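Observations on the model geometry
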Amino acid sequence: GRDTCLARRQPEVGEFEPTAPDESAAHRRDGGFAVRLGLAGIRGIGRTAAERIVAARAGGPYTSLEDLVRRTGLETAQLEALATADTFASLGLDRRQALWQAGRAARNGPDTLPGTTPDAQTAAVQPPLFETPTSLEVLAADLRATGVSTTDHQLAHLRAWLDGRGVLPCAGLKTAEAGRRIWVAGLVTHRQRPGTASGITFLNLEDETGHANVVCSAGLWQRYRRVLREARGLVVRGRLERSPEGVANLLADQVEPLPVGGPHTSRDFR
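Now for a description of the structure that goes with this document. It should be emphasised that the depicted structure is a prediction, and the values quoted were computed from it without experimental measurement. (Residues numbered from 1 in each chain as written. Predicted model: local features only at pLDDT ≥ 70, side-chain atom pairs only at ≥ 80, totals over all residues. Heavy atoms only, no water.)

Looking now at the pairing of strand 3 (residues 210–216). Burial of strand 3 is extensive: five of the seven residues sit out of reach of the surface. Sheet topology note: the strand 2 (residues 201–207)/strand 3 ladder contains seven bridges and is antiparallel. Looking at the pairing, leucine 203 lines up with valine 214 of strand 3. With antiparallel pairing between neighbouring strands as the criterion, strand 2 and strand 3 make up a hairpin whose turn holds two residues. (Buried < 20%, exposed > 50% of the residue type's maximum accessible area, 1.4 Å probe, protein only. Helix = DSSP H or I, 4+ residues; strand = E, 2+ residues; numbered from the N terminus. Pairing = 2+ DSSP bridges.)

This is the structure:
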């Protein structure tokens, strides 16, 4: 990326020019910063336990799962939740190793002395040699633990199948010919029906390349009502419209559910 992207002061955004080349890929994506997920965002932890972990960490970094339990009093389920979120990578433990050790480590509570638990003698036993998880397994663990993944997307694992059906990625709507009928697919992130829209429902689909705006007429909604309301993912056919500013909308005329695994929720009618 460009070094100028790291400058604190950036030039003003000029007028939109539809014919100008898309230089999005030339810009830096890190900018020297990072977005981090808080401990309270991990399912099964909660704010109280997260604050206890942070407070105890002020006395020095944790050295092991047993050290964490002794200083915070976490229980097995909480350790397993942290392990699923890959929290213990800083201790040299991958998810499966940490899950395997969680039950034993939880017995080392604040009221125990180091090395006095019944299984303390087995702590040094060589753990099983776990297979390296696949990218799909890592994605599933991320979604179970936090509901988001910072490295992967469910649609990436369906892309070969979607390509075989001629389904465009969401990013393809930028360059596809306006006015033609196309297919697009993604996870449903929003369902909106403004009171002034005369029964029209707006959907937003997300895949590994971006987002797509889908417009559903009142008649289409009635025809595919159950699928449109309940499916976590959709494959949609429609006519592509693009405004002079480059905003693309798909006027849907056919819908089918997209089989996706893992948890996913959308924000509906708010």
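Moving on, we get to the side chain of aspartate 207. In this structure, aspartate 207 sits in strand 2. Accessibility expressed as a relative area gives 3% for aspartate 207, which makes it buried. Here cysteine 170 takes part through its backbone nitrogen, which lies 2.7 Å from a polar atom of the side chain of aspartate 207. Apart from residues lying up to four places away in sequence, aspartate 207 is in contact with His153, Leu155, Arg159, Pro169, Cys170 and Ala185. (Polar contact = N/O pair within 3.5 Å; in protein donor to acceptor, adjacent residues only side chain to side chain. Contact = heavy atoms within 4.5 Å.)

Moving on, we get to the packing of aromatic side chains. Counted according to the given criterion, the structure contains zero aromatic pairs. When the ring centre of tryptophan 183 is taken as origin, the NZ or CZ atom of arginine 165, which lies over that ring, is 5.5 Å away. (Phe/Tyr/Trp six-rings, centres within 6.5 Å; stacked < 30°, edge-to-face > 60°. Lys NZ or Arg CZ within 6 Å of the ring centre and 35° of its normal.)

Here helix 1 (residues 46–57) is 12 residues long and its end C-alpha atoms lie 17 Å apart, about the 16 Å a rise of 1.5 Å per residue gives. Within the sequence span of helix 1, burial applies to Ala49, Ala50, Ile53 and Ala56. With its buried residues spanning 135 degrees around the axis, helix 1 presents them on a single face. When the buried face of helix 1 is taken as reference, the exposed residues oriented beyond 90 degrees from it are Arg47, Thr48 and Ala55. (Expected span 1.5 Å × (residues − 1). Arc of directions from axis to C-beta.)

Attention now moves to the packing of helix 2 (residues 65–72) against helix 4 (residues 95–105). With their axes 9 Å apart at the nearest point, helix 2 and helix 4 run at an angle of 45 degrees to one another. Between helix 2 and helix 4, the angle falls in the class oblique. Considering the relative orientation of helix 2 and helix 4, their crossing is right-handed. Contacts between helix 2 and helix 4 involve Leu65, Glu66 and Val69 on the former and, on the latter, Ala98, Gln101, Ala102, Arg104 and Ala105. (Axes fitted to C-alpha atoms, helices over the stretch in contact; angles between N-to-C directions. Parallel < 35°, antiparallel > 145°, perpendicular 65-115°, else oblique. Left-handed = near helix turned anticlockwise from the far one by under 90°.)

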